[in-house]
Amino acid sequence: MTVFDDLIGQRAAVGRLERAVAGAGDLVAGGPGTGMTHAWLFTGPPGSGRSEAARAFAAALQCPDGGCGHCGSCHQVLTGTHPDVLYVRPSGLSYGVAATRDLVLKASSKPSGGRFRIVLFEDAERATEAASNALLKAVEEPSPRTVWLLCTPTPDDLLITIRSRCRMVTLATPPTAELVSALVQRDGVDPDTARSAARAAAGRIDRARQLATDPEARRRREEVLSIPVRLDGTGACVVAAARLYEIAEEDSKTLTAALDERERGEMRAAFGEGSTGKGVAKAIRGSAGAMKDLEERQKRRATRIKRDSYDRALLDLAAFYRDVLALQLGAQVELSTVERSGDLERVARSSTPESTLRRIDAIMECRTRIGANVHPQIAMEAMTSALLAG
């Protein structure tokens, strides 16, 4: 078993990364490092495993055996505790220039024990323009043993000057069959549930795992998919928008509550809460500032997770109309909402492909408006009205 075994449906990308790892030793020695370079850009659709691929690559670069998956170095990288791997995931909607300059400074130091000083920057597209310019200089003139791993949905999400200096790793949408196999073999999910979750996830392994293991997540998705057939008037549009907003809020609260409580517990433990001995009381009193900083970071993260939850609900709704369009055009494709076959056929018969496309456009426009800070419920009311009109 290696660190790359969990990258489902990514054989081409894994082959490229393994070749780079094989040449990494030359780079450490000051040579050209065949197949290896100082800056990498991992791209791919949501759920394809960009961050997981970057983390596996980081583990393989630090591992003396090229990513064995069971040594201390691999374990530290994969669990986020390796001292020579800097993990960056913007907690808010953007990542500023001050934080980027601090990151560049930390990245320029020599590794303390590993072969490389690695920066794993998830959601790099959240960097502001000023932050991107600060990042550019670091990527242009990297320290000899510093490796930058940037993750974005598409190459166009970064400045062209940054992406031109990175080696690209493009991840594909995993086939449904491979998602099913992973859920059954690695997560112990029964085959029927695994197949249903994999179809619904449209290639997103994290979403497939959530739907396969969380009954509440399945219930929320089912309620979203029931909206199209309930839109029979203006009042129904308002009610549907309000419920869609509530569903997304429930989803985000479920995700943030577990993360927040775990982090607060770890923070309290780090300051000695529950311990006894000299200095413990003073340390606990001194933790107030750190706890306040943690709460601020959690608030920013909660905003981002809310946006992601709205987006997830809207994409489920778009998947329903995509399947309607497939039925209307007689396309021989796998339907991700096949469990709603009766509703799909009813909507397909009562509308035209042109109206279905307009409805999909309305959903995409709603996503854009929420991204532009329009209140989500107002944006959703405009969307449901457009879905009714067709």
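Residues numbered from 1 in each chain as written. Predicted model: local features only at pLDDT ≥ 70, side-chain atom pairs only at ≥ 80, totals over all residues. Heavy atoms only, no water.

S.K.: An account of the overall build of the protein chain is needed here, citing residue identities and associated values.
M.R.: A tally of helices and strands in the protein chain yields 16 helices and five strands. Out of the 390 residues belonging to the protein chain, those deemed buried represent 47%. Counting contacts in the protein chain only where the partners sit at least 6 residues apart, residues at least 24 apart contribute 70% of the total. For the protein chain, the accessible area works out to roughly 18,600 Å², and carbon and sulfur atoms hold 53% of it. (Helix = DSSP H or I, 4+ residues; strand = E, 2+ residues; numbered from the N terminus. Buried < 20%, exposed > 50% of the residue type's maximum accessible area, 1.4 Å probe, protein only. Contact = heavy atoms within 4.5 Å. Areas by Shrake-Rupley, 256 points an atom, 1.4 Å probe, with all protein chains shown as cover.)

S.K.: Give a detailed account of helix 16 (residues 376-389), specifying residues and quantitative values.
M.R.: Look at helix 16: 20 Å from first C-alpha to last across 14 residues, which is about the 20 Å you get at 1.5 Å a residue. If you check which residues of helix 16 are buried, you get Pro376, Ala379, Met380, Met383, Thr384 and Leu387. Buried residues along helix 16 cover an arc of 135° about the axis, so they all sit on one side. Seen from the buried face of helix 16, the exposed residues on the opposite side, beyond 90 degrees, are Ile378 and Ala389. One or two residues past the end of helix 16 sits glycine 390, with phi positive at roughly 80°. (Expected span 1.5 Å × (residues − 1). Arc of directions from axis to C-beta.)

S.K.: Any details on the packing of helix 7 (residues 176-187) against helix 8 (residues 191-201)? Residues and values, ideally.
M.R.: Two numbers describe how helix 7 lies on helix 8: the axes approach to 9 Å, and their chain directions differ by 135°. Taken together, the axes of helix 7 and helix 8 lie oblique to each other. In this structure, helix 7 crosses over helix 8, and the sense of that crossing is right-handed. From helix 7, Thr176, Leu179, Val180, Leu183 and Val184 reach across to helix 8, where they touch Pro191, Ala194, Arg195, Ala197, Ala198 and Arg199. Split by residue class, the contact of helix 7 with helix 8 holds eight nonpolar, one polar and two charged. (Axes fitted to C-alpha atoms, helices over the stretch in contact; angles between N-to-C directions. Parallel < 35°, antiparallel > 145°, perpendicular 65-115°, else oblique. Left-handed = near helix turned anticlockwise from the far one by under 90°. Nonpolar A, V, L, I, M, F, W, Y, C, P; charged D, E, K, R; others polar.)

S.K.: Give a description of the layout of surface pockets that names residues and reports values.
M.R.: Of the voids in this model, the second largest pocket is the one considered here, and its volume is about 460 Å³. Lining of the second largest pocket is provided by 24 residues; of these, Ala202, Gly203, Arg204, Ala319 and Ser336 occupy positions nearest its centre. Elements that contribute at least two residues to the lining of the second largest pocket include exactly helix 8 and helix 13 (288-329). Take the lining of the second largest pocket: its biggest share by element is five residues, from helix 13. Taken together, the residues of the lining of the second largest pocket sort by class into 11 nonpolar, six polar and seven charged. (1 Å grid on protein atoms, 1.4 Å probe; cavity = no way out; pocket = protein on both sides within 12 Å on 5 of 7 lines; lining within 4 Å. Points joined across faces, edges and corners; volume = space filled by probe spheres on them.)

S.K.: For unusual backbone geometry, give the residues involved together with the corresponding values.
M.R.: Negative phi values dominate among residues other than glycine, just as trans dominates among peptide bonds. The backbone phi angle of aspartate 123 is positive, close to 50°, even though this residue is not glycine. Along the chain, aspartate 123 turns up in the loop between strand 3 (117-121) and helix 5 (129-140). Residue aspartate 123 is classed as buried on the basis of its relative accessible area, which comes to 12%. Of note in this structure, asparagine 373 is not a glycine but carries a positive phi near 75°. Relative to the helices and strands, asparagine 373 resides in the loop between helix 15 (353-371) and helix 16. Its relative accessible area of 59% is what places asparagine 373 among the exposed residues.

S.K.: Kindly report on the nonpolar core, identifying the contributing residues and their values.
M.R.: The biggest cluster of nonpolar side chains holds 34 residues, and the ones touching the most others in it are Phe4, Trp40, Phe42, Phe57, Leu61 and Leu149. Contributions of two or more residues to this core are made by helix 1 (11-28), strand 1 (39-43), helix 2 (50-62), helix 3 (72-79), strand 3 and strand 4 (146-152). At eight residues, helix 2 tops the list of elements feeding residues into this core. The contacts of leucine 149, once residues within four sequence positions are left out, are Trp40, Phe42, Ala54, Phe57, Ala58, Ile118, Val119, Leu120 and Phe121. Ranked by size, the runner-up nonpolar core spans 32 residues in total, among them Leu225, Leu314, Leu344 and Ile363. (Core = buried A, V, L, I, M, F, W, Y, C linked by side-chain atoms within 4.5 Å.)

S.K.: Describe the sheet that holds strand 2 (residues 85-88), naming the residues involved and giving the relevant values.
M.R.: Strand order in the open sheet formed by five strands is 2-3-4-1-5, and the pairing between neighbours is parallel. Since the sheet does not close on itself, it has two edges, and those belong to strand 2 and strand 5 (167-170), each with one partner. The average undirected angle you get between the axes of adjacent strands in this sheet is 15°. Two elements, strand 1 and strand 4, share five bridges in a ladder whose sense is parallel. Note that in strand 4 the partner of tryptophan 40 across the bridge is leucine 149. (Pairing = 2+ DSSP bridges.)

S.K.: Requested: an account of the pattern of salt bridges, with residues and values cited.
M.R.: Under the criterion given, the structure shown has 30 salt bridges. Between glutamate 140 and arginine 165 there is a salt bridge; the shortest N-O distance is 3.0 Å. Here glutamate 140, found in helix 5, pairs with arginine 165, found in the loop between helix 6 (160-163) and strand 5; they are 25 residues apart in sequence, far enough to count as distant. A residue is classified by how much of its surface remains accessible, and arginine 165, at 36% relative accessible area, is partly exposed. (Salt bridge = Lys/Arg side-chain N within 4 Å of Asp/Glu carboxyl O.)

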